[in-house]
Amino acid sequence: MNTAEATERLLEAAEDLFYTQGVQSVGMDAVRERSGVSLKRLYQVFPSKDDLVAAYLNKRDERWRRSLREFVSARGDDPLAVFDWLHAWFSEPTFRGCAFVNSFGEFGTPAPGVAAAIQHHKDEVRRYLRGLVSEDALADQLFSLMEGATVLAAIKSDPGEALVGRAAAETLVAARRAGVGG
């Protein structure tokens, strides 16, 4: 098995295991077993668990943001569509909250590579929102609504939290269009 194939198999296994069971509770042996990659090859590709966690988060970030962009783009880049996408995501039977928030919570103070992957994801989501609304303050407010809806949906197992966030976002967007707030 070449390095590219081993990497892909390890990341697929890590994503499934880390997201469903938690990063701290999953050992490298479980990732090795699920992936079918030898332990020697695993450590050649990812010298430490922190390296594997950072790579898993970076891969998840790319896929997550691509899915969001495609969904919102298909709806005319309406910033409110972000909350419709969240509702669909929260409704998935495998939804267990934000992998980045979950990982941060598990680590407390994550390793530098893991912390960088978490921060990168949050920065890029905020940047994406700023591109949609062209106003930093509004984008930051929408970002906070997204984050809150995601955490509450996971805690309460309620996809409807996205709709609560959407209603608040509608109010904010309408106020900006009317020249209110800032």
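Note that the coordinates shown come from a computational prediction; the quantities given were computed from them, not determined experimentally.

(A) Summary view of the layout of surface pockets. Of the volumes computed, that of the largest pocket is approximately 160 Å³. Together, Tyr19, Arg60, Arg63, Trp64, Ser67, Trp85, Trp89, Glu92, Thr94 and Phe95 line the largest pocket. For the lining of the largest pocket, the secondary structure elements donating two or more residues are helix H4 (49-73) and helix H5 (81-91). Here the lining of the largest pocket takes four residues from H4, the largest share from any one element. For the lining of the largest pocket, a count of residues per class yields five nonpolar, two polar and three charged.

(B) Representation of empty space enclosed by the protein in the model. One pass over the full model with this rule turns up one cavity of 30 Å³ or more. Considered as a void within the structure, the largest cavity measures approximately 60 Å³ in volume. It is helix H8 (residues 136-156) that contributes the most residues to the lining of the largest cavity, four residues altogether. For the lining of the largest cavity, a count of residues per class yields six nonpolar, two polar and two charged.

(C) Expanded view of unusual backbone geometry. Backbone geometry places Ser134, a non-glycine residue, at a positive phi of 55°. Here Ser134 falls in the exposed class, since its relative accessible area comes to 66%.

(D) Local environment of a nonpolar patch on the surface. Residues Val101, Val151, Leu152 and Ile155 make up a contiguous nonpolar surface patch of about 320 Å² in total accessible area. It is H8 that provides the largest number of residues to the nonpolar patch, a total of three residues. Mapped onto the elements, Val101 comes out in helix H6 (residues 99-107).

The rules behind each value
Residues numbered from 1 in each chain as written. Predicted model: local features only at pLDDT ≥ 70, side-chain atom pairs only at ≥ 80, totals over all residues. Heavy atoms only, no water. 1 Å grid on protein atoms, 1.4 Å probe; cavity = no way out; pocket = protein on both sides within 12 Å on 5 of 7 lines; lining within 4 Å. Points joined across faces, edges and corners; volume = space filled by probe spheres on them. Helix = DSSP H or I, 4+ residues; strand = E, 2+ residues; numbered from the N terminus. Nonpolar A, V, L, I, M, F, W, Y, C, P; charged D, E, K, R; others polar. Buried < 20%, exposed > 50% of the residue type's maximum accessible area, 1.4 Å probe, protein only. Patch = residues over 30% accessible without salt bridge, like charges linked within 9 Å, V, L, I, M, F, W, Y side chains within 5 Å. Areas by Shrake-Rupley, 256 points an atom, 1.4 Å probe, with all protein chains shown as cover. Salt bridge = Lys/Arg side-chain N within 4 Å of Asp/Glu carboxyl O.

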